[in-house]
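Examining the three-dimensional arrangement
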Amino acid sequence: MRSPRLLARMPLLWQVCLVNGAVLAAATLVLLLSPARVSPEVARAEAVAVLLGLGVVLVLDGLLLRASLAPVDRVVRQMARVERMRPGDRLDDPGEGAGAQLVHGANAMLDRLEAEQRASSARALAAQEAERRRIAQELHDQVGQSLTVVLLGLKQVQQHAPADLIPELQLVRDSTRAALDDVRRVARQLRPGVLDDLGLASALAALCSEFEAHGTALVRRSVAPGLPPLGPDVELVVYRVAQEALTNAARHSGAQHVEVSLTRLGESVVLEVCDDGRDGPGSIRAGAGVSGMRERALLVGGTLSVEGGAGAGTLVRLVVPVGHAAGTVRP
């Protein structure tokens, strides 16, 4: 019982060499002890005996090597099925033998790759959110205030301007006010202050209202009561996924109706964004936004799927376990 375990701990090269050496030694022993002899001029019967012996040696060698290397082939096939976006997907332990060491090494490598991927994605998304916050602050404080000053100045000028210039000044004031509203809207999209001040439900309501006001689709939203407390990072991930899904619905699908829902299902919090777009899930899968949503979902231990909705539409579904949703996973 000790010999097979000792053989399993050896490097694969030594295992192959020992198997081949054992087969050749057995063949040599049979040749020495058997009554078969080979003449200087090989007879037909002797050639047949040698060829049969060679065939037996090759078959025996193949069977022994197959028993040793079959776990390696299984590991290679399993490694080809491992997906980057499915955390925790590991190779099955083949037990003992040559494949066990390969499995343990591959699983350890996957653990390191997932940890490095999570850390890298967290750093990238944290830097992205910090840059969003900075740009939103500059838009609000600098561009927004400058436009406000221009708007107040135009009001003063309009009060003292000739009557024939008042319509033109009013037109300029309206354009400036529209530009100010656009700047504020972009700042809210970059960093939703309502999410920090009033929470996720109010932020989703404001997001849907703004999407409906500036788009062509009607949005119906629903937030179930009794949701578990969500950490700030989880709330931000849910908000960003909903924002990206609504943007894709407006840009790619040409949807007329969109439904946004946030519910609790068992031990998970579920966000669903479903539209009735004409292109189905194919167009959204082709975009870069889906990979970004999946990376955000992985940061909070969630999963994201893009499927066909009712009819030809698209259903974006984010599922976050309650254990992760209750904590904070600060990038």
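The paragraphs below set out a description of the structure included in this document.

The rules we used
- Residues numbered from 1 in each chain as written.
- Predicted model: local features only at pLDDT ≥ 70, side-chain atom pairs only at ≥ 80, totals over all residues.
- Heavy atoms only, no water.
- Helix = DSSP H or I, 4+ residues; strand = E, 2+ residues; numbered from the N terminus.
- Contact = heavy atoms within 4.5 Å.
- Areas by Shrake-Rupley, 256 points an atom, 1.4 Å probe, with all protein chains shown as cover.
- Buried < 20%, exposed > 50% of the residue type's maximum accessible area, 1.4 Å probe, protein only.
- Pairing = 2+ DSSP bridges.
- Salt bridge = Lys/Arg side-chain N within 4 Å of Asp/Glu carboxyl O.
- Patch = residues over 30% accessible without salt bridge, like charges linked within 9 Å, V, L, I, M, F, W, Y side chains within 5 Å.
- Axes fitted to C-alpha atoms, helices over the stretch in contact; angles between N-to-C directions.
- Core = buried A, V, L, I, M, F, W, Y, C linked by side-chain atoms within 4.5 Å.

Focus on the overall build of the protein chain
- Per the secondary structure count, the protein chain includes 11 helices and five strands.
- Taking all contacts inside the protein chain whose residues are at least 6 apart in sequence as the whole, residues at least 24 apart take part in 66%.
- Roughly 19700 Å² of accessible area belongs to the protein chain as shown, and the carbon and sulfur atoms make up 61% of that amount.

Description of the pairing of strand E3 (residues 268-275)
- Here E3 lies mainly inside the structure; seven of its eight residues are buried.
- Two strands pair when backbone bridges link them, and strand E2 (residues 257-265) and E3 are joined in this way by eight bridges, in the antiparallel orientation. Bridge assignment links Glu259 to a residue of E3, and that residue is Cys274.
- Where E2 folds back onto E3 in an antiparallel hairpin, the turn is made up of two residues, including Gly266, whose phi is positive at roughly 65°.

Remarks on the side chain of Glu210
- Locating Glu210 in the fold gives a position in helix H7 (residues 200-214).
- Since its relative accessible area comes to 15%, Glu210 is described here as buried.

Describing the pairing of E2
- The pairing of strand E1 (residues 218-223) with E2 spans six bridges and is classified as parallel. Each bridged residue has a counterpart across the sheet, and for Arg220 the counterpart in E2 is Glu259.

So, helix H10 (residues 289-299)
- What H10 keeps buried is the set Val290, Met293, Arg296, Ala297, Leu298 and Leu299.
- Following H10 by one or two positions, Gly301 has its phi on the positive side, about 75°.

Re the pattern of salt bridges
- Under the definition given, this model contains five salt bridges.
- The partner of Asp174 in a salt bridge is Arg177, and the shortest N-O contact between them spans 3.3 Å. Placement of the pair is Asp174 and Arg177 together in helix H5 (residues 166-190), with a separation of three residues, close to one helical turn.
- Take Arg177: its relative accessible area is 32%, and that puts it in the partly exposed class.
- Between Glu272 and Arg317 there is a salt bridge, with its nearest N and O atoms 2.8 Å apart. Highlighted residues: Glu272 in strand E3 and Arg317 in strand E5 (residues 314-321), separated in sequence by 45 residues.
- Take Arg317: its relative accessible area is 24%, and that puts it in the partly exposed class.
- Each of the salt bridges in this network shares a partner with another, and the network as a whole consists of Glu131, Arg134 and Glu138.

Quick word on a nonpolar patch on the surface
- Among the surface-exposed residues, Leu51, Leu54 and Leu58 lie close enough to one another that they form a single nonpolar patch of about 320 Å² accessible area.
- Of note, Leu51 is situated in helix H3 (residues 44-81).

A closer look at the environment of Leu147
- Within the secondary structure, Leu147 sits in helix H4 (residues 98-160).
- Along the primary structure Leu147 and Thr176 are separated by 29 residues, whereas in three dimensions their C-alpha atoms are 6.8 Å apart.
- Setting aside chain neighbours within four positions, we find Leu147 in contact with Thr176, Ala179, Leu180 and Val183.

Topic: the sheet that holds E3
- Strand order in the open sheet formed by five strands is E1-E2-E3-E5-E4, and the pairing between neighbours is mixed. The sheet is open, and its two edges are formed by E1 and strand E4 (303-308), each paired on a single side. Adjacent strand axes in the sheet meet at a mean angle of 15°, parallel and antiparallel pairs treated alike.
- Bridge count between E3 and E5: eight bridges; the pairing is antiparallel. Among the inter-strand pairings, Ser268 is bridged to a residue of E5, identified as Pro321.
- H7 rests against E1 and E2 of the sheet, and its axis sits at about 170° to E1.
- Sheet strands touched by H10: E4 and E5. Its angle to E4, the strand with the most contacts, is close to 145°.

Points about the nonpolar core
- Residues Leu200, Val241, Val258, Val260, Leu271, Leu304 and Leu318 are the most contacted members of the largest nonpolar core, which totals 36 residues.
- Elements that contribute at least two residues to this core include exactly H7, helix H8 (232-253), E2, E3, H10, E4 and E5.
- Core analysis: the second largest hydrophobic core is formed by seven residues, Leu139, Val183, Ala187 and Leu190 among them.

Let's talk about the environment of Val238
- As for its position among the elements, Val238 is in helix H8.
- Judged by its relative accessible area of 2%, Val238 is buried.
- In the structure, Val238 is positioned 31 residues away from Val269 in sequence and 9.7 Å away in space, judged by C-alpha atoms.
- Not counting the four nearest positions on each side in its chain, Val238 is found in contact with Leu200, Leu262, Leu271 and Leu318.

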